[in-house]
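Letter by letter, the chains look like this.
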Amino acid sequence: MYQRIGHIALVVKDYDEAIDFYINKLEFSLLEDTKLSQEKRWVVIAPKGARECSLLLAKAANEEQANSIGNQTGGRVFLFLFTDDFSRDYEKLKSKNVNFIRPPQEYDYGTVAVFEDLYGNKWDLLQPNDNNKGLIK
């Protein structure tokens, strides 16, 4: 049996501002942007070269959903962006004014820093060390 997570829904305030942030600041790829109705689109983005999971940008459709924008996990780190070159990507994101709320730190599993997306969702930028390369597979 083979199973995988295909998409993770990320509730956003506005499709276009979210696309702009992820494409221009994080340099993700826009995989699909299909209009489903006057209010709803199917917008899928992913880091360049990603082969498995992607993000489905889902515009908040009601007040309850709007209240979760930027805090889908109760203030915890929500998403983990793995890299093969921490310094390169950290410096690139900083140069694009991505807000890092925790500086780079070394842990047993690798190097990590925490940043926020345009809505305040927390992300780990993470480069696993040689002992944990299996995390990237």
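Keep in mind it's a predicted model, so treat the numbers as computed, not measured.

Before going further, it helps to spend a moment on the UniProt feature "domain: VOC" (unreviewed entry) in the protein chain. The sites that carry the UniProt feature "domain: VOC" (unreviewed entry) are, in the present numbering, residues 4–128. Annotation note: span residues 4–128, helix share 21%, strand share 45%, distance between end C-alpha atoms 21 Å.

Right, let's talk about the sheet that holds strand S1 (residues 7–12) for a bit. Here we have four strands laid out as an open sheet, ordered S1-S4-S3-S2, and mixed in their pairing. Looking at which strands have only one partner, the edges of the open sheet turn out to be S1 and strand S2 (28–35). Strand-to-strand twist in this sheet, taken as the mean axis angle between neighbours without regard to direction, amounts to 25 degrees. By the bridge criterion, three bridges tie strand S3 (residues 41–47) to strand S4 (residues 54–59) in an arrangement that is antiparallel. Within the sheet, the bridge partner assigned to Ile45 lies in S4 and is Leu55.

So, about the sheet that holds strand S5 (residues 77–82). If you trace the four strands from one edge of the open sheet to the other, you get S5-S8-S7-S6, paired in mixed fashion. With partners counted over all chains shown, the strands left at the sheet margins are S5 and strand S6 (99–107), one partner each. Along the sheet, successive strands turn relative to each other by an average axial angle of 20 degrees, direction set aside. Examined bridge by bridge, strand S7 (residues 110–116) and strand S8 (residues 122–128) share seven bridges and lie antiparallel to one another. Opposite Val112, over in S8, you have Leu126 as the bridge partner.

A separate point is the pattern of salt bridges. Applying the stated criterion across every chain yields a total of eight salt bridges. The partner of Glu27 in a salt bridge is Lys96, and the shortest N-O contact between them spans 2.7 Å. A residue pair is termed long-range when its members are at least 10 positions apart, and Glu27 in the loop between helix H1 (15–25) and S2 and Lys96 in the loop between helix H3 (86–95) and S6 qualify at 69 residues. For Glu27, a relative accessible area of 25% corresponds to the partly exposed category. With a closest N to O distance of 2.9 Å, Arg88 and Asp89 form a salt bridge. Since its relative accessible area comes to 41%, Arg88 is described here as partly exposed. Where salt bridges share partners, they join Glu27, Asp84, Arg88, Asp89, Lys92 and Lys96 into one cluster.

Moving on to the pairing of S7. Extensive coverage of S7 is indicated by the burial of six of its seven residues. Of the strand pairs in this sheet, S6 and S7 are connected by six bridges, and their pairing is antiparallel. Opposite Asn99, over in S7, you have Glu116 as the bridge partner. Taking the residues between adjacent antiparallel strands as the criterion, S6 and S7 are bridged by two residues. Between the end of S7 and the start of S8, which pair antiparallel, lie five residues, with Gly120 showing a positive phi angle near 105 degrees.

Rules behind the numbers
Residues numbered from 1 in each chain as written. Predicted model: local features only at pLDDT ≥ 70, side-chain atom pairs only at ≥ 80, totals over all residues. Heavy atoms only, no water. UniProt positions renumbered as here; feature names shortened; annotations may be inferred. Helix = DSSP H or I, 4+ residues; strand = E, 2+ residues; numbered from the N terminus. Pairing = 2+ DSSP bridges. Axes fitted to C-alpha atoms, helices over the stretch in contact; angles between N-to-C directions. Salt bridge = Lys/Arg side-chain N within 4 Å of Asp/Glu carboxyl O. Buried < 20%, exposed > 50% of the residue type's maximum accessible area, 1.4 Å probe, protein only.

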